[in-house]
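Fold and contact review
The residues making up each chain are set out below.
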Amino acid sequence: MPELSYREAVRDALSQAMREDEDVFIMGEDIAEMGGSMGVTAGMLDEFGPDRVRNTPISEMAIVGAGIGAAMQGMRPVVEVMYEDFTTLAMEQIVNQAAKHRSMSGGQVKVPLTIRTQGGAGWSPGAQHAQQVEAWFVHVPGLKVVFASTPTDVRGLLWSAIYDDNPVMFFEHRTLYGIKEDVPDELEPIPIGQARVHREGEDVTVVATGRLVHEALTAAGEAESEGVSVEVLDPRTLQPLDEKSLVASVKKTNRCVVAHEAVRRMGFGAEVAAVVQEKAFDWLDAPVERVGAKFAPLPFAPVMEEYVVPHAGDVLEAIRRTVGRAA
Amino acid sequence: MASEVKLPRLGQGMESGTIVKWLKSEGDRVEKGEPLYELDTDKVTQEVEAEASGVLLKIAVDEGEVPVGRTIAVIGEEGEEAPTVSEEPEPAPAREEASQTPSPQQEDGRPAEVERPAALQAGGRVKASPLARRIARERGVDLASLRGTGPEGRIVAEDVERAEAAPAAAPAPVPAGEVERRELTNIRKTIARRLTEAWQIPVFQLQASADMTRVNALLIRVRESEEGPKATVTDVLTKVCATALMRHREVNAQWTDEAILLFPTANVGLAVATPQGLVVPVVRSAERLSLVQIAAARSDLVTRSREAKLQRADLEEGTFTISNLGMFQVERFTAVLNPPQAAIVAVGAIEERAVPVDGEIAVRPMMTLTATFDHRAVDGAPAAGFLQTVKELLEEPGLML
């Protein structure tokens, strides 16, 4: 089994799809010679040439708009928005165009577009370069939203996103690019809409996304030493949501914590909490706890950034609250 | 929002507890899970943890006995005003009561104390998790009867499962293995108090065995020749001890802080087991009574003891006690002093033992006496002299003449 970093896993999925399928190409700011601001597409220009690895002007609206057009014409473009903060500049194209065409055309038009983007705190990039905005897109019918947390997952899910006939918002986390793990020899597509249980447990389910999956696993280890058995579940795709796995897990543990780096208020966790109370109300033995960033623009100052976004300790405290062992 | 600290029910059947002391003062910061106060129940003294974090706004009950469910303190936010605390446990709201079976009545006609579970909120809403509610519904457990152990007193699934495992309130037959609880009767409390007092006294024990051959012969003759209640070994012992006490008056005594009191007559108490517990009725001036009179007095006292018809006077002014467990084949035992008396004798069974008699081994009915003395009042030598006399009189009752 080859060991790949999260960054290499993204590149591997893109490259394999492009080798296999001429309709797949990539487009974005500085993705060609420079290899992208995060180095994800480094070397791909050499293999696939400038027609399929295209630098674009600094216009997110144009990047996504061009991607939509190509997709409607039968291509499977993968466009990159350098920071998810900048999706704001492409909202018109994503929300009003990409998400709507298939429905508004009565199915005559499909938009098999993948919009890759990345973000996240932990390296002091400030309020405009580290937001986690995935929840915005979960609110838009017509879009699929993926947020992978491991090299294996990001590779398998990106493949499925590329071959999905609907527009997919594909979120990567800045601080995960360097993590490595052994991945399957052959790329195994991971179906969109399928959660992954990272760790089985009996007392509380932690539903975590992105970086918080790793924080949750750390917290789960701590909790275990306190005698609390924690199940860690990563939905991996936020839209569609694998409610079946989520509800089954909570029905088993009777308690639920949901954790993400994005702001807690109106975050993805609120939706999870709602689903859980709706579908597993009679199985809940404690209120669903939410862990997320404090409601503040992200500060530059590293200590303040650290204070605002959640870490393993915050997850652990929430776990303790649900099992009634808060200090 | 201030939360009231209520006296928890820490064990099945617990009706009240005694607050020993508070580990926090009013105004102190309290974290959930921190020891808040010491509570004395009939079983143990333990520290009780705070169920909420905040500032200890008010201690409603400093110390003393409190019924379960009574508000004893209030925890709230800094600067928050402590609400007035009702003296009574919160009454169960009408909605809850309507659904309950009629309250059990006490003998005096007042309704028996009904549990006020902590999870019962103002307005009649029971605070329970959805899972706890579902399990309670499925298994027919009444949530209103439970005490929640979750955050802020919420009933969680574990509470329902525990309650189902050990149904408390229902007058259902007690399943095998269940702990039976017997409420303390006054007599039990008195026994406990007096024996605990006695345990403080410096005592010593002396032991001697008596050959009961002649007592046995005497008893046979008396039973043959006299009407009325059959004389027993205890009756002989009563007479013998009374006689010996008159010869060793320092044993027929009582210690007080000012003086040692020596009594002019031997009022011999007999430890009697009754269904209600141990009582010690007194045969007065036994040294002046014949064996037959003692048997009659003893028979009357024992009968009335078992029927719980003793008068207060029957139990007073004893100067010495005999405790006989010989009928249970106990060989010998040590009795706890019966204060304020200075001595008690514990009597074992008469059993055949091989004993040397005139250089030969003989089998004789032997009885072992173990006497306990209050060393403050009696020294070893006079006590030994008393026991020696008892032994001699048992072995040769004619010496009493």
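Here is what the cut-offs are and how they apply
- Residues numbered from 1 in each chain as written.
- Chains lettered and ligands numbered in written order.
- Predicted model: local features only at pLDDT ≥ 70, side-chain atom pairs only at ≥ 80, totals over all residues.
- Helix = DSSP H or I, 4+ residues; strand = E, 2+ residues; numbered from the N terminus.
- Buried ≥ 20, exposed ≤ 12 C-beta atoms within 10 Å, placed from the backbone.
- Contact = placed C-beta atoms within 7 Å.
- Pairing = 2+ DSSP bridges.
- Axes fitted to C-alpha atoms, helices over the stretch in contact; angles between N-to-C directions.
- Parallel < 35°, antiparallel > 145°, perpendicular 65-115°, else oblique.
- Nonpolar A, V, L, I, M, F, W, Y, C, P; charged D, E, K, R; others polar.
- Core = buried A, V, L, I, M, F, W, Y, C linked by C-beta atoms within 7 Å.
- Left-handed = near helix turned anticlockwise from the far one by under 90°.
- pLDDT = per-residue confidence, 0-100.

Notes on the overall build of chain B
Helices and strands together make up the secondary structure of chain B, namely eight helices and 19 strands. Relative to its full complement of 401 residues, chain B shows a buried share of 35%. Relative to all contacts within chain B whose residues are 6 or more apart in sequence, the contacts with residues 24 or more apart total 62%.

A look at the overall build of chain A
Counting its regular elements, chain A contains 12 helices and 14 strands. Per-residue burial over chain A gives 54% buried out of 327 residues. If you take every contact in chain A between residues at least 6 apart in sequence, the share linking residues at least 24 apart comes to 78%.

Some thoughts on the interface of chain B and chain A
Tallying the contact residues gives 12 residues for chain B and 10 residues for chain A. If one sorts the elements of the side of chain B that touches chain A by residue count, helix α2 (residues 130–139) of chain B sits on top with four residues.

Topic: unusual backbone geometry
Following A:Gln239, the chain continues into A:Pro240 via a peptide bond in cis, with omega recorded as 0°. Summarising the element assignment, A:Pro240 is placed in the loop between β12 (237–239) and α9 (243–253). At the junction of B:Pro339 and B:Pro340, the peptide bond is cis and its omega measures out at 5° in the coordinates. Mapping B:Pro340 onto the fold places it in the loop between β16 (320–324) and β17 (343–347). Within the chain, A:Arg236 stands out as a residue other than glycine whose phi angle is a positive 65°. Following the sequence through the fold, A:Arg236 ends up in the loop between β11 (230–234) and β12. For A:Arg236, a count of 26 C-beta atoms within 10 Å puts it in the buried group. For B:Gln329, which is not glycine, the phi dihedral falls at a positive 65°. Locating B:Gln329 in the fold gives a position in the loop between β16 and β17. Here B:Gln329 falls in the exposed class, since 9 other C-beta atoms lie within 10 Å of it.

Describing the sheet that holds strand β6 (residues 144–147) of chain A
Residues and elements named next belong to chain A. Taken together, seven strands build an open sheet; the order of strands is β3-β2-β4-β5-β7-β6-β12 and the sheet is mixed. Each edge of the open sheet carries a strand with a single partner, namely β3 (53–55) and β12. For this sheet the average axis-to-axis angle between neighbouring strands, irrespective of direction, equals 20°. Pairing analysis gives two bridges linking β6 to β12, with the strands arranged antiparallel.

A closer look at the packing of α2(B) against helix α3 (residues 157–165) of chain B
Residue and element names in this part refer to chain B. Their axes nearest at 7 Å, the elements α2 and α3 cross at an angle of 25°. Looking at the two axes, α2 sits roughly parallel to α3. Contacts between α2 and α3 pair Leu131, Ala132, Ile135, Ala136 and Arg139 from the former with Ala157, Asp159, Val160, Glu161 and Glu164 from the latter. Taken together, the residues that form the contact of α2 with α3 break down as six nonpolar, no polar and four charged.

Observations concerning the sheet that holds strand β6 (residues 54–59) of chain B
All names here are of chain B. Read across the sheet, four strands follow the order β1-β8-β6-β3 without closing on themselves; strand pairing throughout is antiparallel. The sheet is open, and its two edges are formed by β1 (3–6) and β3 (29–30), each paired on a single side. Summarising the sheet, β3 and β6 pair through two bridges and their orientation is antiparallel. Paired with arginine 29 across the strands is valine 55, a residue of β6.

Digging into the nonpolar core
In terms of nonpolar packing, the biggest core is built from 116 residues, with A:Val146, A:Leu158, A:Val206, A:Ala216, A:Val257, A:Val315 and A:Ile319 touching the most fellow members. If one sorts the elements of this core by residue count, helix α1 (residues 6–20) of chain A sits on top with seven residues. If sequence neighbours within four positions are ignored, A:Val206 has contacts with A:Ala216, A:Ala220, A:Val230, A:Glu231, A:Val232, A:Val257, A:Ala259, A:Val315 and A:Ile319. Membership of the second largest hydrophobic core comes to 53 residues, among which are B:Cys241, B:Val279, B:Leu291 and B:Phe320.

Let's talk about the packing of α1(A) against helix α7 (residues 151–162) of chain A
Residue and element names in this part refer to chain A. It is the contact of α1 with α7, at a shortest axis distance of 8 Å, that shows an interaxial angle of 30°. Between α1 and α7, the interaxial angle falls into the category roughly parallel. Handedness of the crossing formed by α1 with α7: right-handed. When α1 is examined against α7, the residues Tyr6, Ala9, Val10, Asp12, Ala13, Leu14 and Ala17 are found in contact with a partner set consisting of Pro151, Val154, Arg155, Leu158, Trp159 and Ile162.

Looking at the confidence of the model for chain B
All names here are of chain B. Of the residues in chain B, 84% have a pLDDT of 70 or more, and the chain-wide mean is 83. Throughout residues 90–116 the model reports pLDDT below 50, and contacts reaching past four residues in sequence, or to other chains, amount to 29 contacts. The ipTM, which scores confidence in the relative placement of chains, is 0.71 for this predicted complex, and the corresponding pTM is 0.54.

Regarding the environment of A:Pro57
Residues and elements named next belong to chain A. Structurally, the position occupied by proline 57 is in the loop between β3 and α3 (60–72). Note on proline 57: 9 C-beta atoms within 10 Å, which makes it exposed. Here the alpha-carbon distance between proline 57 and glycine 28, two residues 29 residues apart in the chain, equals 8.1 Å.

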